[in-house]
Each structure stands twice: as C-alpha cells, then as structure tokens.
Amino acid sequence: IAGLQAVTGADGRARISDVPAGAISVQVAATLFESGDASTTLARGGTADLLIALEPITYGTVTVQVVDRRNGQTLPGARVQVSGRQMIAANDGTSIFDRVPAGDLSLVGRAPDYADGTSSVSLASGQTKVVRLELDPILPGTITGTIADAQTGSGIGGVEVRIGGMVVETDASGRFSATGVPPGTTQVTLRHPQYADQSTLLELASDGEAALEVALETRPETVQDIASAITPAGAIDLYGIFFDFGE
C-alpha cells in the first residue's frame, strides 16, 4: 500500500500504519495463490478494514523441448501436444505451455520424417516442469531375398521384384537386394515370363531389414493347363501377357 508492506499472520490479517489519506490501492501476493487487489478511500486519521479473497493456483507451467534421439539436435517446427493443447516448437525446439492444470499429463511430439514421441509427467500446482521429448527418425530399410523354382528349388534369375515404386531384378542365383525402402507395410510383387506372378506383404521397421524367400510356380504349359487357367470371363495372363477371349 503506497510503498508500504506487511506480512499476514496465522489468522491471515496484516496491519499497515502511517498510510497517507486519500484513494489507496492494495495489492496482495501469496505463494500458490493468484494475486489480488482492492481499492478504497482512507480518511485522514481513519481506519480501513479490507477483505481480499485470493484464488488458489491449480495450474503450472510445462516447457517441452523436442530433439532427435540420435544426436540431441533440436527440432524446430515440431508439433507438441500437452493434454489437448497444441503448440509449434520455436527455433530452439521448445514450446512453453503456461497455466496447465495440475495433475497427470500426457505429452506428444510430432515432426516430419520422425516417429511420434510420447511422455507423461505429473505437474503440481505452481510447478514448472521441463521435459525433453526425444523422437526417433524414420529411416529407410533393406529387403533381401531369394526367389526359387517351386519344383526344383533352384534360384530363378531375371525375376522382376517390384517393391512399391522400386524395381530390382534377381541375379542368376535368384537373389536380390533392395535398399532405401520406406518403412512400414510394403507389398512385394514378383514377375517372370515363365512363372506365375506372386505378391506378398512385408513389414519393414525403420532402419530395419526384412528377408523374403519365395518359390514360384511355372506358368501353364499344356493346352489342358492353359484351358484350366482361363477364367469364367474368358481371360488369362499368359507369360506376362494378358489375353481376353470374352469379346
């Protein structure tokens, strides 16, 4: 009050003397409570008794820094979510969430080419919590395999191996290797003029390796085989060439 200060006692009361008469403004601050204020007019030689109710603080502050787990490099522009609230990380990779309700919190960090990172913390009223959220980069992997004849077990050379938009070919022993394959569920399609096409799904982890061993069946050779392979609609895929006899 007018540059004068006092500390409340156990009963929450404080007394300040020698306050100049006139309009006065009172500011009150207490740990773990919102600040409060009040105004009144004090007569010369008079006394003013004020009741100021303070609201308890039920929130805290959470500072989240998002970094690359491999090298600790900060990730500017990462999206950070704290219990439903979202922010974009600053140039130093940090996001500051103020007035976060106290309690158990869930944190999520997202950045392009990185797997989501999650964490959980407990925040007390009035507390400031600093959290380091580490994200794992999504890295391409490798798929290797061997393609063999189902009857002889011998490797088949020249098999077209299509992995998403990537195409490689088996060597003379039927082996292949494809690098730089995006992680996730990948469809692998095998084609060879003398063998029936075959497709399969592979799960490839980030920076991981997956192996594929496939035996291909030869395409129909006899007239009877070809006839039995014709669909009811009159179509057949013969040596990689599609025939439609329905028209």
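Relevant structure appears above.
Please read these numbers as outputs of a predicted model, since none were measured by experiment.

Caption draft 1: Local environment of the overall build of the protein chain. Helices and strands together make up the secondary structure of the protein chain, namely 1 helix and 18 strands. With 247 residues in all, the protein chain has 30% of them scored as buried. Relative to all contacts within the protein chain whose residues are 6 or more apart in sequence, the contacts with residues 24 or more apart total 45%. When the accessible surface of the protein chain is summed, it comes to about 15,100 Å², and 50% of that surface belongs to carbon and sulfur atoms.

Caption draft 2: A look at the pairing of strand S3 (residues 59–68). Within S3, 8 of the 10 residues are buried, leaving the element largely enclosed by the surrounding structure. Of the pairings in the sheet, the one linking S3 to strand S6 (residues 94–101) comprises 6 bridges and is antiparallel in character. For Thr63, the partnering residue across the bridge sits in S6 and is Ile96. Alignment of S3 against strand S9 (residues 128–135), held across 8 bridges, turns out to be parallel. Within S9, the residue paired with Gln65 across the bridge is Arg132.

Caption draft 3: Examining the pairing of strand S14 (residues 184–192) more closely. Summarising the sheet, strand S11 (residues 160–163) and S14 pair through 4 bridges and their orientation is antiparallel. Looking at the pairing, Arg162 lines up with Thr189 of S14. In this antiparallel pair of consecutive strands, S14 and strand S15 (residues 195–204), the connection spans 2 residues.

Caption draft 4: How the structure looks around unusual backbone geometry. Positive phi, close to 60°, is recorded for Asp18, a residue that is not glycine. Among the structural elements, Asp18 can be located in the segment before strand S1 (22–28). Positive phi, close to 45°, is recorded for Ser83, a residue that is not glycine.

Caption draft 5: Representation of the side chain of Ser95. Looking at where Ser95 falls in the secondary structure, it is placed in strand S6. For Ser95, a relative accessible area of 1% corresponds to the buried category. Ignoring sequence-local partners within four residues, the contact set of Ser95 consists of Val62, Thr63, Val64, Val80, Met87, Ile88 and Ala89.

Caption draft 6: Seen up close, the sheet that holds strand S12 (residues 166–169). On the basis of which strands lie adjacent, the open sheet formed by 4 strands has the order S12-S11-S14-S15 and antiparallel pairing. Of all strands in the sheet, those bounded by a partner on one side alone are S12 and S15. On average, each strand axis in the sheet is tilted by 20° relative to the strand beside it, whichever way the strands run.

Caption draft 7: Region of the structure containing the sheet that holds S3. Sheet architecture is open: 3 strands sit in the order S6-S3-S9, paired in mixed fashion. The open sheet terminates on both sides in strands that have one partner only, identified here as S6 and S9. Across the sheet, the mean angle from the axis of one strand to that of its neighbour is 25°, orientation sign disregarded.

Caption draft 8: Spatial organisation of the side chain of His192. The residue His192 is located in strand S14 in this model. Within the structure, His192 has its side chain in polar contact with the backbone oxygen of Gly157 (distance 3.4 Å).

Caption draft 9: Highlighting the environment of Gly174. Note on placement: Gly174 falls in the loop between S12 and strand S13 (175–181). Take Gly174: its relative accessible area is 0%, and that puts it in the buried class. A C-alpha to C-alpha distance of 9.9 Å links Gly174 and Val214, two positions 40 residues apart in sequence. Discounting residues that sit within four places of it in the chain, Gly174 has contacts with Gly145, Thr146, Ile147, Gly155, Ile156 and Gly157.

Caption draft 10: A look at the pattern of salt bridges. Per the counting criterion, the structure on display carries 11 salt bridges. The salt bridge partner of Arg13 is Asp49, with a shortest N-O separation of 3.4 Å. Within this pair, whereas Arg13 is found in the segment before S1, its partner Asp49 is found in the loop between strand S2 (36–42) and S3, the two being separated by 36 residues in sequence. Note on accessibility: Arg13 and Asp49 belong to one class, exposed. Between Asp197 and Arg191 there is a salt bridge; the shortest N-O distance is 2.3 Å. Relative accessible area serves as the criterion here: at 28%, Asp197 is assigned to the partly exposed category.

Rules used in this analysis
- As a convention, each chain's residues are numbered from 1 in the sequence order in which they are written.
- Local features in a predicted model are, by the rule used here, given only for residues with pLDDT of at least 70; side-chain atom pairs are given and counted only at 80 or more, and totals for whole chains, interfaces and linings are based on all residues.
- The basis for every side-chain value is the complete set of heavy atoms in the structure, and neither hydrogens nor water enter the calculation.
- Each helix is a run of DSSP H or I of at least 4 residues and each strand a run of E of at least 2, with the numbering of both proceeding from the N terminus.
- Summary of the burial criterion: residues with accessible area below 20% of their type's maximum are buried, those above 50% are exposed, and those between are partly exposed, where the area comes from a 1.4 Å probe applied to protein chains only.
- Residues count as neighbours in contact if any of their non-hydrogen atoms are within 4.5 Å of one another.
- In this description, accessible areas are obtained by the Shrake-Rupley approach with a 1.4 Å probe, and a residue is regarded as covered only by the protein chains that are shown.
- In this scheme, strands are said to pair when DSSP sees at least two bridges between them.
- Between N-to-C directions, angles span 0 to 180 degrees; the directions come from axes that are lines fitted to C-alpha atoms, helices contributing only their stretch in contact.
- We define a polar contact as two N or O atoms separated by no more than 3.5 Å, with the added condition that, inside protein, one atom must be a possible hydrogen donor and the other a possible acceptor, whereas residues neighbouring each other in sequence contribute only through side-chain atom pairs.
- For salt bridges, the criterion is a side-chain nitrogen of Lys or Arg within 4 Å of an Asp or Glu carboxyl oxygen.

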